[in-house]
Amino acid sequence: MIELILTDLDGTLTMDRGTYLLDTRAIEALRRAERAGIRVALVSGNSYPVLRGLYNYLGITGGIVAENGCFVYYNFQTERVCETIPRSVVEDFRNKFNLRESWQNEFRKSDFGFTPAQITPEIKAWADERGLVVQSSGYALHLAGKPGGKGAGVKRLLELVGVQSEKVGAIGDSRTDIEMFTYAKVKAAVGNADPDLVKEANVKLKLKSGAGFTEFIEMILG
Ligand SMILES: O=C(O)COP(=O)(O)O
Ligand SMILES: [Mg+2]
């Protein structure tokens, strides 16, 4: 019996990958899960203020993992689980690789977003030399302090909620969601997910993004 669902946001609750428009049927589906007693958590590369606002308006209760795993919220408690990156390092990175910063960077301390979203070998080497972590969600390139990645935040969230991974379902669309699967029994990839995530999934959904999320909730609720 699943007690907690970890859901990614961009590409998973949206109408497609590459858009920010939420799928309204996916919103209805997550409310159905909550009504059935299954908590839903947002696990995303977005910043905490963006996710906290959304969380309240969506009406979910499973907590938040923000900044791609680096910041956790549950039941009015918050925790930072990665090292912070000084603003000067963020600016050096942006200037060196000619990147555009996410408007949300103003609200971030450990994990920063940039476009274009592609990781080059030069970018990887620059981050490695400084003990930083780079990842791409398809929406954005992320530069984070150690340990970085959704796994660290999810591990802490499960402790705070007090749920074992045998009772957790996770759903996502991109490579950055692979780490969530380590802490879930049901590991779902939406129909249009990155092939690297599909490989790790034990539930391969037919439908894309938000429609795939709805398909997943229907499967869980039976
Ligand atoms: O912030 C991003 O790059 C993507 O966010 P996501 O983790 O909700 O897909
Ligand atoms: Mg995503």
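About the cut-offs
- The residue numbers shown here count from 1 along each chain, following its written sequence.
- The lettering of chains begins at A and the numbering of ligands begins at 1, in the order of writing.
- This being a predicted model, a pLDDT of at least 70 is required before a residue's local features are given, and a value of 80 or more before pairs of side-chain atoms are given or counted; all residues contribute to the totals for chains, interfaces and linings.
- Side-chain metrics rest on all non-hydrogen atoms present in the structure, leaving aside hydrogens and water.
- Counted as coordinating are nitrogen, oxygen and sulfur atoms within 2.8 Å of the metal, or 3.2 Å for Na, K and Ca, while water is not included, which may make sites look incomplete.
- Starting at the N terminus, helices and strands are each numbered in turn, a helix being any DSSP run of H or I of at least four residues and a strand any DSSP run of E of at least two.
- The classification of residues rests on relative accessible area computed with a 1.4 Å probe and restricted to protein chains. Under 20% of the type maximum is buried, over 50% is exposed, and intermediate values are partly exposed.
- Should DSSP find at least two bridges between two strands, the strands are regarded as paired.
- UniProt positions are given in the numbering used here, feature names are shortened, and annotations may be inferred rather than shown by experiment.
- Pairs of residues are marked as contacts when any of their non-hydrogen atoms sit within 4.5 Å.
- Neighbouring residues are identified by heavy atoms, a residue being near a molecule or strand if any of them is within 4 Å of it.
- Counting of polar contacts relies on pairs of N or O atoms within 3.5 Å, with two restrictions inside protein: one atom must be capable of donating a hydrogen and the other of accepting it, and residues adjacent in sequence are counted only when both atoms are side-chain atoms.
- Only the protein chains shown count as cover for residues, and all accessible areas are computed by the Shrake-Rupley method using a 1.4 Å probe.
- Take the residue count of a helix, subtract one, and multiply by 1.5 Å to get its expected span.
- Only a pair of cysteine sulfur atoms within 2.5 Å counts as a disulfide in this structure description.

J.: Quick question: what am I supposed to make of the coordination of the magnesium ion (ligand 2) here?
T.: Under ideal tetrahedral coordination, the four donors around a metal are separated by 109.5 degrees; under ideal octahedral coordination, the six donors are separated by 90 or 180 degrees. Around the magnesium ion (ligand 2), the protein supplies D8 (OD), D10 (O) and D173 (OD) as donor atoms, at distances of 2.1 Å. Along the chain, the residues that donate to the magnesium ion (ligand 2) are spaced as D-x1-D-x162-D. Note that D10 is positioned in the loop between β1 (4-7) and α1 (24-35) and D173 in the loop between β10 (168-172) and α6 (178-181), a separation of 163 residues in sequence. The pair formed by D10 and D173 is uniform in burial state, with each residue classed as buried.

J.: Teacher, can you tell me more about the pairing of strand β8 (residues 133-136) here?
T.: Within a regular beta strand, the side chains point alternately toward one face of the sheet and then the other, so they alternate between its two faces. Where β8 and strand β9 (residues 141-144) come together, 4 bridges link them in antiparallel fashion. Bridged to Q135 within β9 is H142. Between β8 and β9, which pair antiparallel one after the other, the connecting turn spans 4 residues, and G138 there sits at a positive phi close to 95°.

J.: Sorry, what's going on with the UniProt feature "binding site: Mg(2+)" (unreviewed entry) in the protein here?
T.: Cross-referencing UniProt, the feature "binding site: Mg(2+)" (unreviewed entry) maps to D8, D10, D173 and D177 in the present numbering. Across 170 residues of sequence, these annotated residues stay compact in space, with a maximum C-alpha separation of 11.0 Å. Of note, D8 is situated in the loop between β1 and α1. Assessed through its relative accessible area of 4%, D8 is described here as buried. Among residues more than four places away in sequence, those in contact with D8 are L13, V43, S44, K150, I171, G172, D173, D177 and M180. A relative accessible area of 0% means that D177 is categorised as buried. Those residues in contact with D177, other than ones at most four positions away along the chain, are D8, K150, G172 and L197.

J.: So what exactly am I meant to see when it comes to the site of ligand 1 here?
T.: Taken together, the residues surrounding ligand 1 are D8, L9, D10, S44, G45, N46, S137, Y139, A140, H142 and K150. Contact distances for ligand 1 include 2.9 Å between an oxygen atom and a backbone N or O atom of D10. Contact between ligand 1 and G45: an oxygen atom at 2.8 Å from a main-chain N or O atom of the residue. Coverage of ligand 1 by the protein chains reaches 97% of its 280 Å² of free accessible surface.

J.: Help me understand the pairing of β9, please; the structure alone is not making it clear to me.
T.: Here β9 shows a buried face lined by L141 and L143 and a second buried face lined by H142 and A144. Looking at chain direction, strand β7 (residues 111-115) and β9 are connected through 4 bridges and run antiparallel. Bridging across to β9, F112 finds its partner in L143.

J.: Could you clarify how one ought to interpret helix α8 (residues 209-221) in this entry?
T.: Because each turn of an α-helix spans 3.6 residues, side chains separated by three or four positions end up pointing in the same direction. Between its first and last C-alpha atoms α8 spans 19 Å; for 13 residues at 1.5 Å apiece the expected length is 18 Å, and the two agree. Buried residues of α8: S209, G210, G212, F213, T214, E215, F216 and I217, and no others. Here the buried face of α8 lies against β1, α1, β10 and β11 (186-189). Downstream of α8 by one or two residues, G222 has phi in the positive range, about 70°.

J.: When you look at the state of the cysteines in this model, what are you seeing that I'm missing?
T.: Covalently bonding the sulfur atom of one cysteine to the sulfur atom of another cysteine gives a disulfide. Enumeration over the complete set of coordinates arrives at 1 disulfide. A sulfur-sulfur separation of 2.2 Å characterises the disulfide bridge that pairs C70 with C82. Classification of the bridge connecting C70 and C82 rests on its S-S torsion, roughly -85°, and on that basis the disulfide is left-handed. In this pair, C70 is assigned in the loop between β3 (64-66) and β4 (71-74) and C82 in the loop between β5 (77-80) and α3 (87-96), connecting sequence segments 12 residues apart. As far as burial versus exposure is concerned, C70 and C82 are alike and both buried.

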